[in-house]
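What follows is the residue order along each chain.
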Amino acid sequence: MDDTQLAQVESLCETLYTGMPSSGGEKISREEAQSRLLSLQSSASFIPQCQYILDRSQSQYALLVASNSLTELISNHWNNFSVPQRIDIRNYVLGYLANNGPTLQDFVTLSLVKLVCRITKLGWFDDSTHRELTDDVTKFLQATVDHCILGLKILNQLVDELNIPTSGRTLTQHRKTSVSFRDLCLFKVFQLGLTTLKQLQTRAITADHHQEVILGEQALSLTVRCLNFDFIGTNPDESTEDVGTIQAPTNWRPVLQDPGTTELLLDFYANTEPPRSNKAMEAVILICSVRRSLFPSDKEREAFLGRIMAGIRELLKNQTGLQHQDNYHQFCRLLGRLKANYQLSELVKTEGYLEWLELAASFTTQSIRNWQYSTNSIHYLLALWGRLVAAVPYVRPDSGAKGHVQALENHVLNVIECYIESMLGSVETVLRSDGALEDPLEDDGSLMEQMDRLPTICRFQYNSVATIILGKFDPLMEKYRELMSHLMTSSTESAPQNVTQQVNIIEGQLTWLTYICGAIVGGHSWSSSRIGNGEETLDANLSKRVLQLAQGMDFRLTNSNGLGKADVKLELAMLYYCQNFRRVYMFMWEVRSSGSDSMSLGGMKMESVPSTKQKVYQNMFETMALGDHTVVANLIVTKIGKNLKFWPDEHEIVSKTLDLLTDMAGGYSSSKLLLTLDTVKYLASHHTHEEFPFLNVASNARKRTTFHAILVRLLLSPNGQEKLGLTFEKFMEPIIETMSQLGALDATQLRSEAARMPLIGVFRDLRGVTMSLHNRRSYGMLFDMLEPRHMPILSRVADLWFDQPDVIISLLRFVQEFCHNKANRVNFDQSSPNGILLFRNTSDVVCAFGRRTLNAATPTSGDIYKQKYKGMSLALSIINSALGGNYVCFGVFALYNDPALDNALDISLKMALGIPLEHVIAYPKLSTSVFGFIEIIFRNHIKTTLALDTSVFMQLMNAVHEGLQSSDAQISSMCANSIDHLATFYYENSGKDKPEVHNFNNHLAAQPDLFSSLTATLFNLLLFGPPQNHWAVMRPMLSLMLASESSFTAYKDHLMSTQDSTNQTLLNEAFNKLLSDVKRNLESANRDRFTQKLTAFRVSTRGFLTL
């Protein structure tokens, strides 16, 4: 490279990152600039050019590109370098950082730091020099302040690099390096971070304020990274905030036990601003989470805990740093984490426990009262109290601080009372803020976190908590009834403003109480030791209020014909309550019913004695005084019906209502109970949009499918038709009637807007019905209803509505479900033609849609996937299901000159090959359908495939070749199977006088390197590709080698020629081991043996092969 070329590179870099070239540079697009610059990463021969850029360029963007390119080249071509060369590159980059680092932009520095850490990781076991990076960085720390910052950045990146697996390396290789780094260097790195913090604390480092801030951030980040290191290879989930146990090595004990360490971090927390202060608190949380066994005895552990508790007490007393949101959040995490890592029996013995408990309670109530600033942190505090009360049964009352149980009871009650009052008060505060404050009821994630924590805390003092809740609930219900009696059948919005505001406040407060009641009732445990101690009566009292509220809401809804609606949030809270009640109290119905019967033993009648669970269950419903379990279940199902009838446009209510109905229909006992309810009988016999308007709302189209799937599941359950008083034929009448009306329309009428919603609706309904058909008898009932009278409309709609995604997708999804042979349900009698008729109709639909789509212009604007590719994907998926369903003898079609199969294959092939390959790869569902179709025609229709024109066949093979290299393991697996089918066919039939063999030979004559290119790709993927593809690519290798031994020999010779003499010897030995004991057949045992040998071959060669 010379100065002219350097100027060109700089201009390209400016274009890439700023959109404008440097003065005098060529004006090109960013995409073109990126494409040209990526050539620097294409070969190891570009390393000198990258070094030239680093040495000569003044452009920060050019330095970044050179550094990134070097990182890629080193990572991808590691084996190309000898050990001395690797050390030279490492030393060059380190020297470059030492000389130029302080003057570089941060993004360049970070890239170079990443490069040196990557080299260190890859070369960790090559030479001791790589393992001495920590010592080299110490020199940075002892130089100028800027170099010290740079050194800390290197250490931060080094810990990350050695802790996080690198793409292209096996987990075994990663853990081996990671464990070695942990044992040799990590503790020293941790100490360097702490030492820097001490120097900052004692002002031993002379730096300006800005430098101090950066040094503090880097040193604290390093401390946190070291403590977060994956010490024992558990690969923790980084998406969660909850800290697991820190498995620090034993030699860390002196530092972690040292009072000075926690004091240092707490001092940093107290005397700095975020982000330094919250990083310091995060480090304290991690130190609190170290494993129990790190401490040699309980005495040391208790002393450690005492220091932590004392530190927390001081922070709570002085409210140190808690005015900052980030600090506050981390402090809440610390409190929540404390009980997770220490047992209550240890906490109560700690000096000052009662004071800590009182301060923690005071802090919690203060946080809850200021809920608008702490919504995302409250659940950590609730988690603390939940863990404390859950451990009470395991602690002796006389151990530890005197009266600790009573103190905990009092504080918990105060916390819960404060929580309830604050949340009820938040409703009015939010309403009066005119949108300035976010409603905590609308933050679903945080709300559910809090509800998950409540049951354990509330049930600790359940009598008192229930009394508090009922004391709030009853007056609110009384006020609500009074307001509703004034509103009568009018809507809330039409009332005077002051009345509307009153209603909104009361409904908001009832929403909170409903959520809280739902959470508490849902926390009932049938396996708890407390079962039978009367808690069910408290559940009953809470449930009675909520269900009476539900009855009142439904009464107003019905009488006002849908005008008198409650707040949406209250309806969602009611569904949450019903879901929890169902989960806890509806599964017992079968036990309750059978428990009341007498049983016969040896001719004598004996009354069965109810179990404790049955007594609890019975007592629950008696106390509720609303009727037995059937009445209560009917009340819940009535609520479901009313929601579906009167909330058609509220998507979330409809969705969660159907989720509740699905769960009730899915349970064994609850589904049997549903069959006895009048409301369910009404739902099953009136499942039309006239009764339930939500079915006619376009955005609820998917919900139609769910609704009908639930009803058919109930109808076809044992004795379902008898209990519901409804036959399957009677249930289907409205759908079949709609099909008849649509079938009678001419082409113009069928394509009119008036037909759009009926078509979408009927196909969505049919899909739901079909989804719940799980056996031959039920599937046959639907098939007989549709065939032959109603089947022709399917292909007519496909032909007329092919360009309207909402209609055609509904049709194709139904057909896809209808021809899917799940649980072998599509299984007709031996003398029945139904399998062939089903395929003919499927073929007609796909062909009608395919012809029109292929002839239509490709949309140039909008979402091309939704407008065109989604339908094509579904059409191919339909053909895949039909071809692989095992319910058609496809030889019949050719025998009787029926074109259905040939037409389907022809249109499907044109669709599969008519989509640009880059688009196929870009859309996962589309690629699954396309490559699934290719795999199935290679598997079951190889004769048809080989009869294609050579140009078309080669287009297919090109698609397979590309798909084979996909990062999606499913796609590469399907392509590998396609190759396996082809190679197996050629191996078993080569030399035979068959038309298909002659066709294949013609293809090979036109493309002689077909097998050799496939062999090379497969072996390259095995040796150099990502691990997830290995199993897929190994499958066809044996059949391919047997089909074309010359291709394998050619690849072997080529690979040998790219290696030096030492590697050639090793590679030859590896190939000899691979081929030993492998027989020339494709039996399963031989395939398995060869696959095992390929795995061993890959492992042995990757250690020395150079690219």
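Conventions and cut-offs
Residues numbered from 1 in each chain as written. Predicted model: local features only at pLDDT ≥ 70, side-chain atom pairs only at ≥ 80, totals over all residues. Heavy atoms only, no water. Helix = DSSP H or I, 4+ residues; strand = E, 2+ residues; numbered from the N terminus. Buried < 20%, exposed > 50% of the residue type's maximum accessible area, 1.4 Å probe, protein only. Contact = heavy atoms within 4.5 Å. Areas by Shrake-Rupley, 256 points an atom, 1.4 Å probe, with all protein chains shown as cover. Lys, Arg positive; Asp, Glu negative; His and termini not counted. Charge placed at Lys NZ, Arg CZ, Asp CG, Glu CD. Polar contact = N/O pair within 3.5 Å; in protein donor to acceptor, adjacent residues only side chain to side chain. Salt bridge = Lys/Arg side-chain N within 4 Å of Asp/Glu carboxyl O. Axes fitted to C-alpha atoms, helices over the stretch in contact; angles between N-to-C directions. Parallel < 35°, antiparallel > 145°, perpendicular 65-115°, else oblique. Left-handed = near helix turned anticlockwise from the far one by under 90°. Nonpolar A, V, L, I, M, F, W, Y, C, P; charged D, E, K, R; others polar. Core = buried A, V, L, I, M, F, W, Y, C linked by side-chain atoms within 4.5 Å. Phe/Tyr/Trp six-rings, centres within 6.5 Å; stacked < 30°, edge-to-face > 60°. Expected span 1.5 Å × (residues − 1). Disulfide = S-S within 2.5 Å. Arc of directions from axis to C-beta. pLDDT = per-residue confidence, 0-100.

(A) Geometry of the overall build of the protein. Of the regular secondary structure elements, the protein holds 55 helices and two strands. Along the longest, intermediate and shortest principal axes, the C-alpha atoms of the protein span 95 × 90 × 75 Å. Within the protein, buried positions represent 54% of all 1107 residues. If you take every contact in the protein between residues at least 6 apart in sequence, the share linking residues at least 24 apart comes to 75%. Working note: accessible area of the protein is about 47,700 Å², and carbon and sulfur atoms make up 49% of it. In the protein, 101 positive and 115 negative side-chain charges are present, and the distance between their average locations comes to 4 Å.

(B) Region of interest: the side chain of His1003. You can see His1003 is positioned in helix 49 (residues 995-1006). His1003 gets classed as buried once you look at its relative accessible area, which sits at 2%. At a separation of 2.9 Å, a polar atom in the side chain of His1003 contacts the main-chain carbonyl oxygen of Leu946. Setting aside residues no more than four positions away along its own chain, His1003 makes contact with Leu946, Leu948, Asp949, Thr950, Phe953 and Met954.

(C) Representation of the pattern of salt bridges in the model. What the rule picks out here adds up to 46 salt bridges. Between Lys569 and Asp439 there is a salt bridge, with the nearest N and O atoms lying 3.7 Å from each other. Of this pair, Lys569 sits in helix 25 (residues 568-585) while Asp439 sits in the loop between helix 20 (404-432) and helix 21 (444-458), and the two are 130 residues apart along the sequence. Among the residues examined, Asp439 registers a relative accessible area of 16% and is labelled buried. Of the charged contacts in the structure, one is a salt bridge between Arg840 and Asp898, with a shortest N-O distance of 2.7 Å. On the criterion of sequence distance, the pair formed by Arg840 in helix 40 (residues 834-855) and Asp898 in the loop between helix 42 (891-895) and helix 43 (900-914) is long-range, its members being 58 residues apart. Judged by relative accessible area, Asp898 falls into the buried class, the value being 13%. Beyond isolated ion pairs, a larger network of salt bridges with shared partners links Arg313, Glu314, Lys317 and Glu355.

(D) Region of interest: the packing of helix 19 (residues 378-390) against helix 20. At a closest axis distance of 11 Å, the pairing of helix 19 and helix 20 adopts a crossing angle of 150°. Taken as axis vectors, helix 19 and helix 20 run roughly antiparallel relative to one another. In the crossing of helix 19 with helix 20, the sense of the turn from one axis to the other is left-handed. For the pair helix 19 and helix 20, contact is made by Ile378, Leu382, Trp385, Leu388 and Val389 and by Leu408, His411, Val412, Val415 and Tyr419, respectively. Grouping the constituent residues of the contact of helix 19 with helix 20 by class yields nine nonpolar, one polar and no charged.

(E) Looking closely at the nonpolar core. If you look at the biggest cluster of nonpolar residues, it comprises 377 residues, and the most contacted ones within it are Trp385 and Phe728. Per-element accounting of this core gives the leading share, 14 residues, to helix 20.

(F) Expanded view of the packing of aromatic side chains. By the definition in use, this model includes 43 aromatic pairs. Here the aromatic rings of Phe814 and Phe818 are separated by 5.4 Å at their centres, their planes lie at 35°, and the arrangement is tilted. Residue Phe814 and its partner Phe818 are both found in helix 39 (residues 805-818); the two are separated by four residues, about one turn of the helix. In this structure Phe814 comes out as buried when scored by relative accessible area, which is 1%. By the ring-pair criterion, three or more aromatic residues cluster together here, those being Trp124, Phe181, Phe187, Phe190, Phe229, Phe231 and Trp252.

(G) Fine view of helix 53 (residues 1045-1057). Along its 13 residues, helix 53 runs 19 Å from first to last C-alpha, staying within 8% of the 18 Å computed at 1.5 Å per residue. Listed in full, the buried residues belonging to helix 53 are Ser1047, Phe1048, Tyr1051, Lys1052, Leu1055 and Met1056.

(H) Just the state of the cysteines, in detail. In total, this model carries zero disulfides according to the counting rule given. Free cysteine: Cys185, not disulfide-bonded; nearest cysteine sulfur from Cys226 at 11 Å. Accessibility expressed as a relative area gives 6% for Cys185, which makes it buried. Looking at the unpaired Cys517, the closest cysteine sulfur is the one in Cys458, lying at 9.4 Å.

(I) How the structure looks around unusual backbone geometry. For the bond from Pro274 to Pro275, the omega torsion is 5°, close enough to zero to count as cis. With respect to the helices and strands, the residue Pro275 is situated in the loop between helix 12 (259-271) and helix 13 (276-288). Cis geometry marks the peptide bond from Glu787 to Pro788, where omega comes out at 5°. Locating Pro788 in the fold gives a position in the loop between helix 37 (776-786) and helix 38 (792-800).

(J) Just the packing of helix 21 against helix 23 (residues 497-522), in detail. Running from N to C, helix 21 and helix 23 point in directions that differ by 55°, and their axes come no closer than 8 Å. Between helix 21 and helix 23, the interaxial angle falls into the category oblique. Both helix 21 and helix 23 take part in a crossing whose hand is right-handed. Facing Leu447, Met448, Gln450, Met451, Leu454, Pro455 and Cys458 of helix 21, the residues of helix 23 in contact are Trp512, Tyr515, Ile516, Ala519 and Ile520.

(K) Local environment of the side chain of Ser277. If you trace the backbone, Ser277 turns up in helix 13. A residue is classified by how much of its surface remains accessible, and Ser277, at 0% relative accessible area, is buried. Setting aside chain neighbours within four positions, we find Ser277 in contact with Phe268, Tyr269, Thr272 and Asn327.

(L) Examining the environment of Ala519 more closely. Residue placement: Ala519 occurs in helix 23. The class for Ala519 is buried, based on a relative accessible area of 3%. Residues Ala519 and Tyr577, spaced 58 residues apart in sequence, show a C-alpha to C-alpha distance of 7.2 Å. When residues no more than four places from it in sequence are discounted, the contact partners of Ala519 are Met451, Pro455, Tyr576 and Asn580.

(M) Structural view of the environment of Leu1014. When you line up the elements, Leu1014 lands in helix 50 (residues 1010-1024). Distance in space between the C-alpha atoms of Leu1014 and Leu1040 is 8.4 Å, their sequence separation being 26 residues. Excluding its chain neighbours within four sequence positions, the residues that come into contact with Leu1014 are Met957, His961, Ile979 and Leu1040.

(N) Structural context of helix 54 (residues 1061-1075). End to end, helix 54 covers 21 Å across 15 residues, agreeing with the expected 21 Å (1.5 Å per residue, within 8%). For helix 54, every residue scored as buried is listed here: Asn1063, Leu1067, Ala1070, Phe1071 and Leu1074. Within helix 54, the buried residues cover an arc of 100° as seen down the axis, which keeps them to one side. Exposed residues pointing more than 90 degrees away from the buried face of helix 54 are listed as Ser1061, Thr1062 and Lys1073. Buried positions along helix 54 lie against helix 50, helix 53 and helix 55 (1084-1102).

(O) Region of interest: the confidence of the model for the protein. Within the protein, residue pLDDT values average 89, and 96% of them lie at 70 or more. Mean pLDDT across the elements of the protein bottoms out in strand 1 (residues 598-601) (36) and peaks in helix 39 (96).

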